[in-house]
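Architecture and fold: a report
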Amino acid sequence: MISQRLANILADSFTKILIPGLTMTIPLTIISFSFALIIAVIVALIQFAKIPVLKDVARFYIWIIRGTPILVQLYLIFYGLPSLGIILNPFPAAVIVFSINEGAYAAETMRSALESIPKGQIEAGYCTGLSYMQIMRRIVLPQAFRTAFPPLSNSLIALVKETSLAANITVVEMFMATQRIVARTYEPLALYCEVGLIYLFFSTVLTKLQAAGEKRLNKAGY
Amino acid sequence: MLEIKDINKSFGLLKVLKDVSLKVNKGDVVSIIGPSGSGKTTLLRCINFLERADSGTLIFDGEQFDLNKISKKDILRLRKKTGFVFQDYNLFRNKTALQNVMEGLVTARKIPKKEAEQIARENLAKVGLSDKADAYPHQMSGGQQQRVAIARALATKPEIIYFDEPTSALDPELIGEVLAVMKTLADEGYTMLVVTHEMGFAKNVSSKVVFMENGVILEEGEAKQIFENPRNERTKQFIGIGVEHEKQI
């Protein structure tokens with residue numbers, strides 16, 4: 001059924017796709033998501049604390065990023081900025097775009113999680129003699145992370161797949177690697193199925209991790 | 001030890017507190033009673049800066065503060081000398097009973113963990129909840145949560161404890177356990193300022209009773225005098241209603 005030639009191509013290409021997956025897709029995802037989380041916490045806290053001016057900047061950032069396609073953002077940073085003399089390598093350009101993009105969405109997740117914490121606990125914190133920062137760090141944020149964990153895991157899983165868009169700005173990640181093999185072998189059906197399955201495998205691992213993480217958080221009792 | 005003078009507070013056009021003055025001496029248990037919407041809770045919240053009063057003076061331990069202009073630093077300092085028990089407990093949900101009680105000691109007052117844990121355990125024992133030390137708030141009944149909240153307020157050795165309708169959110173059968181703890185504290189000489197709808201507590205436990213309505217104090221005096229011989233017509237009526245209510249039950 002599957003010809004010997006096709007079987008060989010699939011076997012050969014497996015490592016050729018998987019290696020960029022491990023060296024590009026996964027690092028791109030992890031680095032971008034880490035930055036995104038930092039951005040998200042800061043942007044969410046700015047809004048939660050209603051810091052004048054900064055909170056408007058935060059809203060503006062979220063508005064712009066959520067309102068434009070990520071593909072446009074990628075092109076703008078990688079192909080657009082050189083016109084201003086700013087030339088970025090593909091990988092850092094992709095990290096910047098994915099961090100900023102994911103940060104905007106995660107910020108909204110964090111903000112809603114922060115707002116879901118009953119205000120009474122903040123007042124109780126004050127009455128116990130804690131400062132605002134102490135209340136945030138010890139009472140509010142831990143609970144907000146707990147609430148935000150499932151939707152953030154969801155975003156992380158989405159991001160793994162979204163990194164395939166980086167192929168558009170010449171990052172040789174899994175999808176780009178596959179495209180190149182397809183160009184040589186003319187076996188798009190089999191090869192795109194193969195890369196799809198590898199993405200599926202990555203996502204499945206993350207889904208399992210999410211389930212384990214949620215189980216642990218539930219055990220923590222709150 | 002605590003005196004407030006001419007406190008005013010409005011929410012929009014609604015004047016909630018009108019020139020309210022009140023004095024609490026060391027060892028006093030003062031109950032503030034009155035119909036809903038009379039400003040009792042707002043008064044308590046203004047005294048602990050959970051609401052910013054429009055004007056008024058607070059004298060705490062001989063130190064005088066402008067309730068409207070007080071600095072954040074002074075607020076933090078004063079709050080470390082006071083305890084607050086909320087109507088809906090407001091325990092930290094990410095912390096066990098023990099951790100709830102320890103938080104103010106370890107984080108706010110930098111007391112070493114070991115020492116703080118000992119203090120916390122003593123205070124949990126005091127409210128009868130030694131066996132719940134490792135329970136999270138959602139694993140406890142309302143009455144138990146409120147007792148933990150009292151232990152949390154006690155642990156920091158406050159000079160005065162404010163109670164904001166501490167039994168109003170509780171099932172009738174859980175009210176007793178919280179009132180019993182409060183009575184113990186009163187007997188031990190704690191200074192307490194209590195906003196309450198529990199007439200029994202106001203009458204039998206407190207040394208002084210303040211009757212408030214529409215943002216003003218209509219009458220204040222010894223608990224016995226207020227309940228047995230109220231001078232103000234409204235007080236008479238309000239307490240009369242309470243007594244009637246008890247009779248019906």
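Whatever comes next refers back to the structure up there.
Residues numbered from 1 in each chain as written. Chains lettered and ligands numbered in written order. Predicted model: local features only at pLDDT ≥ 70, side-chain atom pairs only at ≥ 80, totals over all residues. Heavy atoms only, no water.

Let's talk about the overall build of chain B
Which entries qualify depends on this criterion: Here a helix means four or more residues in a row that DSSP labels H or I, a strand means two or more in a row labelled E, and each is numbered from the N terminus. For a compact globule the rule gives 2.2 Å times the number of residues to the power 0.38, and the radius of gyration it is set against comes from C-alpha atoms. Buried residues are those whose accessible area, probed at 1.4 Å on protein chains only, stays under 20% of the maximum for their type, while exposed residues exceed 50% and partly exposed ones sit between those limits. Contacts between residues were defined by any pair of non-hydrogen atoms, one from each residue, lying within 4.5 Å. The protein chains shown are the only cover counted for residues, whose accessible areas, like all others here, come from Shrake-Rupley with a 1.4 Å probe. Just so you know, the count uses Lys and Arg for positive and Asp and Glu for negative, and it drops His and the chain ends. Note that the charge is assigned to NZ on lysines, CZ on arginines, CG on aspartates and CD on glutamates.
Scanning chain B from N- to C-terminus turns up 9 helices and 10 strands. A compact globule built from 249 residues should have a C-alpha radius of gyration of about 18 Å, and chain B, at 18 Å, falls within 12% of that. C-alpha extents for chain B along the principal axes are approximately 55 × 45 × 35 Å. When burial is assessed residue by residue, chain B has 56% of its 249 residues classed as buried. Long-range pairs, those at least 24 residues apart, make up 63% of the contacts in chain B between residues at least 6 apart in sequence. Accessible surface, chain B: about 11200 Å² in total, of which carbon and sulfur atoms supply 48%. A distance of 5 Å separates the average location of the 36 positive side-chain charges in chain B from that of its 34 negative side-chain charges.

Regarding a nonpolar patch on the surface
Stated precisely, the cut-off is as follows: By definition, no residue in a patch forms a salt bridge, and every one has over 30% relative accessible area; like charges are joined within 9 Å, nonpolar side chains (Val, Leu, Ile, Met, Phe, Trp, Tyr) within 5 Å. Think of a salt bridge as a Lys or Arg side-chain nitrogen and an Asp or Glu carboxyl oxygen that are within 4 Å of each other.
Together, A:I31, A:F35, A:I38 and A:I42 line one region of the surface with nonpolar side chains, adding up to about 360 Å² of accessible area. Here A:I31 falls in the partly exposed class, since its relative accessible area comes to 32%.

Side note on the sheet that holds strand β1 (residues 2-11) of chain B
Hydrogen bonds between backbone groups are what pair the strands of a sheet, and the pairing can be parallel or antiparallel. Residue and element names in this part refer to chain B. For clarity, the cut-off: Two strands make a pair as long as DSSP finds a minimum of two bridges between them. Only the stretch in contact is used when fitting a helix axis, every axis being a line fitted to C-alpha atoms; angles between N-to-C directions are given from 0 to 180 degrees.
An order of β2-β1-β4-β5 is seen for the 4 strands of this open sheet, with the pairing classed as antiparallel. Each edge of the open sheet is held by one strand with a lone partner, namely β2 (14-24) and β5 (63-66). Mean inter-strand twist for the sheet, computed between neighbouring axes without regard to direction, equals 20°. In the sheet, β1 pairs with β2 via 7 bridges, with the strands oriented antiparallel. What sits directly across from E3, in β2, is K23.

Concerning the packing of helix α5 (residues 119-127) of chain A against helix α6 (residues 132-162) of chain A
All names here are of chain A. To be explicit about the condition: A clockwise turn of the near helix away from the far one marks a right-handed crossing, whereas an anticlockwise turn of less than a right angle marks a left-handed crossing. For this classification, the nonpolar set comprises Ala, Val, Leu, Ile, Met, Phe, Trp, Tyr, Cys and Pro, the charged set comprises Asp, Glu, Lys and Arg, and every other residue, Gly included, is treated as polar.
Where α5 meets α6, the closest approach of the two axes is 10 Å, and the angle between their N-to-C directions is 145°. Helix-helix and strand crossings are classified by hand; for α5 and α6 the assignment is right-handed. Only Y132, I135, I139, V140 and Q143 of α6 make contact with α5, whose side of the interface consists of Q121, I122, G125 and Y126. Partitioning the contact of α5 with α6 into residue classes produces 6 nonpolar, 3 polar and no charged.

Examining helix α2 (residues 72-79) of chain B
Defined as follows: To obtain the arc, one takes the directions from the helix axis to the C-beta atoms.
B:I75, B:L78 and B:R79 are the residues of α2(B) that are buried. For α2(B), the angular spread of the buried residues around the axis is 95°, confining them to a single face. On the buried face of α2(B), the contacting elements are α5 of chain A together with β4 (55-60), β5 and β6 (82-85) of chain B.

Examining the interface of chain B and chain A
Interfaces are often sized by the accessible area lost when the parts come together. The condition is simple: Simply put, the buried area is the total loss of 1.4 Å probe accessible area from both parts when two parts are fitted together. Under the rule applied, a polar contact is a pair of N or O atoms within 3.5 Å (in protein, one hydrogen donor and one hydrogen acceptor; residues adjacent in sequence only if both atoms are side-chain atoms).
With 24 residues of chain B at the interface, the matching set in chain A holds 20 residues. The contact between chain B and chain A buries some 1900 Å² in all, and 58% of this surface belongs to carbon and sulfur atoms. Contact with chain A buries surface across chain B, with B:F92, B:R93 and B:N94 losing the most and accounting together for 28% of the total. Counting across the interface, chain B meets chain A through 2 salt bridges. Where chain B meets chain A, there are 9 residue pairs in polar contact (both at pLDDT 80 or more). Where the side of chain B that touches chain A is concerned, the elements lending two or more residues are α2, β6 and α3 (97-108) of chain B. The element that contributes the greatest number of residues to the side of chain B that touches chain A is α3(B), accounting for 4 residues. Grouping the constituent residues of the side of chain B that touches chain A by class yields 8 nonpolar, 7 polar and 9 charged.

Some thoughts on the environment of B:V178
With respect to the element layout, B:V178 can be found in helix α6 (residues 172-187). Residues within four places of B:V178 in sequence aside, it is in contact with B:G143, B:Q146, B:R147, B:I150, B:P166, B:T167 and B:L170.

Quick word on the nonpolar core
Put simply, the test is: Definition used in this section: a nonpolar core is a set of buried Ala, Val, Leu, Ile, Met, Phe, Trp, Tyr and Cys residues joined via side-chain atoms within 4.5 Å.
Formed by 76 residues in total, the largest nonpolar core has its most connected members in A:M110, B:L2, B:I7, B:L43, B:L58, B:Y162 and B:L193. Considering every element that reaches this core, the biggest residue donor is helix α4 (residues 90-115) of chain A, with 11 residues. With residues near it in sequence (within four places) discarded, A:M110 still touches A:A40, A:V41, A:A44, A:L141, A:A144, A:F145, A:A148 and A:L152. B:L105, B:M140, B:V181 and B:M192 belong to the second largest nonpolar core, which has 42 residues in total.

Quick word on α6(B)
All names here are of chain B. For clarity, the threshold we go by: How far a helix is expected to stretch is found by multiplying one less than its residue total by 1.5 Å.
Helix length check: α6 (16 residues) gives 23 Å between terminal C-alpha atoms against 22 Å at 1.5 Å per residue, within 8%. Among the residues making up α6, those that are buried are L174, I175, V178, L179, V181, M182, L185 and A186. Projection of α6 onto a plane perpendicular to its axis shows the buried side chains occupying an angular sector of 155°, all on one side. The outward face of α6, more than 90 degrees from its buried face, is lined by the exposed residues E173 and D187. Check the buried side of α6 and you find it contacts β3 (29-33), α4 (113-126), α5 (142-155), β7 (160-164), β8 (192-195) and α7 (199-204). Just downstream of α6, G189 is the residue with a positive phi angle, here 95°.

A look at the side chain of A:T163
Residues and elements named next belong to chain A. Its location among the elements puts T163 in the loop between α6 and α7 (174-185). Here T163 falls in the buried class, since its relative accessible area comes to 0%. From its side chain, T163 meets the backbone oxygen of V160 in a polar contact 2.6 Å long. In this structure T163 touches T25, L28, T29, F98 and E173, once residues within four positions along its chain are discounted.

Re the pattern of salt bridges
Side-chain pairs of opposite charge can arise where the charged atoms are in close proximity. The full count for this structure, using the stated rule, is 20 salt bridges over all chains. The salt bridge involving A:E123 is made with B:R45; its shortest N-O contact spans 2.5 Å. Of the two residues, A:E123 is situated in helix α5 and B:R45 in helix α1 (residues 40-47); the pairing between them involves two chains. Given the relative accessible area of 14%, B:R45 is considered buried. Residues participating in the shared-partner salt-bridge network are A:R59, A:R66, A:E108, A:R111 and A:E115.

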